[in-house]
Amino acid sequence: MSKTITLEELPEATRRIIEDLFESEEPVEFSRAGEPIGALLAYKPVNGTLYEMSPEEKSEVLEAIRQGEEDYAAGRYITLDEFKIKYAERLSGSDE
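So, here's what we can say about the structure. (Residues numbered from 1 in each chain as written. Predicted model: local features only at pLDDT ≥ 70, side-chain atom pairs only at ≥ 80, totals over all residues. Heavy atoms only, no water.)

## Describing helix α2 (residues 55–73)
So, point 1. Spanning 19 residues, α2 covers 27 Å between terminal C-alpha atoms, matching the ideal 27 Å at 1.5 Å per step.
So, point 2. G75 sits one or two residues past α2 and shows a positive phi near 80°. (Helix = DSSP H or I, 4+ residues; strand = E, 2+ residues; numbered from the N terminus. Expected span 1.5 Å × (residues − 1).)

## Side note on the nonpolar core
So, point 1. Counting residues in hydrophobic clusters, the biggest one holds five residues: I5, A13, I17, V28 and F30.
So, point 2. Broken down by secondary-structure element, the contributors of at least two residues to this core are α1 (10–24) and β2 (28–32).
So, point 3. Apart from the residues within four sequence positions on either side, I5 is in contact with L10, R16, I17, V28, E29, F30 and S31. (Core = buried A, V, L, I, M, F, W, Y, C linked by side-chain atoms within 4.5 Å. Buried < 20%, exposed > 50% of the residue type's maximum accessible area, 1.4 Å probe, protein only. Contact = heavy atoms within 4.5 Å.)

## Examining the pattern of salt bridges
So, point 1. Here the structure, examined in full by the defined rule, presents four salt bridges.
So, point 2. Note that E63 is salt-bridged to R66, the shortest N-O span being 2.5 Å. One end of the pair, E63, and the other, R66, are both in helix α2, three residues apart, so they sit about a helical turn from each other.
So, point 3. Given a relative accessible area of 38%, E63 falls into the partly exposed group.
So, point 4. On the accessibility criterion, R66 (36% relative accessible area) is partly exposed.
So, point 5. Salt bridges sharing common partners tie together E63, R66 and E70. (Salt bridge = Lys/Arg side-chain N within 4 Å of Asp/Glu carboxyl O.)

## Quick word on the packing of aromatic side chains
So, point 1. Using the criterion set out here, one finds two aromatic pairs in the structure.
So, point 2. Between the aromatic rings of F83 and Y87, the centroid separation amounts to 5.7 Å while the plane-to-plane angle is 15°, which identifies the pairing as stacked. Pair noted here: F83 and Y87 are both in helix α3 (residues 80–92), with a separation of four residues, about one helical turn.
So, point 3. Assessed through its relative accessible area of 44%, F83 is described here as partly exposed. (Phe/Tyr/Trp six-rings, centres within 6.5 Å; stacked < 30°, edge-to-face > 60°.)

## Focus on the pairing of strand β1 (residues 3–6)
So, point 1. Relative to β2, β1 runs parallel, the two sharing four bridges. Pairing of T6 across the sheet is with S31, part of β2.
So, point 2. The parallel pair β1 and β2, bridged by α1, forms a crossover whose chirality is right-handed. (Pairing = 2+ DSSP bridges. Right-handed = clockwise from strand over helix to strand, strands pointing away.)

## Side note on unusual backbone geometry
So, point 1. A positive phi angle is found at E25, which is not glycine, with a value near 60°.
So, point 2. In this structure E25 comes out as partly exposed when scored by relative accessible area, which is 45%.
So, point 3. The residue A33 is not glycine, and still its phi comes out positive at about 55°.
So, point 4. Structurally, A33 can be placed in the loop between β2 and β3 (35–40).

So, in structure tokens, the structure goes:
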């Protein structure tokens with residue numbers, strides 16, 4: 001059984017969601033306007049090993065997340081469909 005979180009709840013609930021996921025390993029679904037748009041699953045180690053990030057790698061990842069949140073809040077993003085078009089143009093060599 002999974003839990004459902006709306007996008008409006010996500011900013012305030014992020015820490016609780018991750019802590020609950022760690023404890024219960026139940027998937028968390030995300031919805032917008034009542035429609036599912038994504039899910040967060042518990043990480044399962046492969047062959048009993050976990051990849052441990054160095055402090056530098058952790059710092060880089062956290063900075064990238066912070067920058068992404070800042071960009072999103074400022075409206076600096078494109079939709080998946082826009083990305084697909086730009087990516088296809090780049091692959092075909094017609095990048096403007």
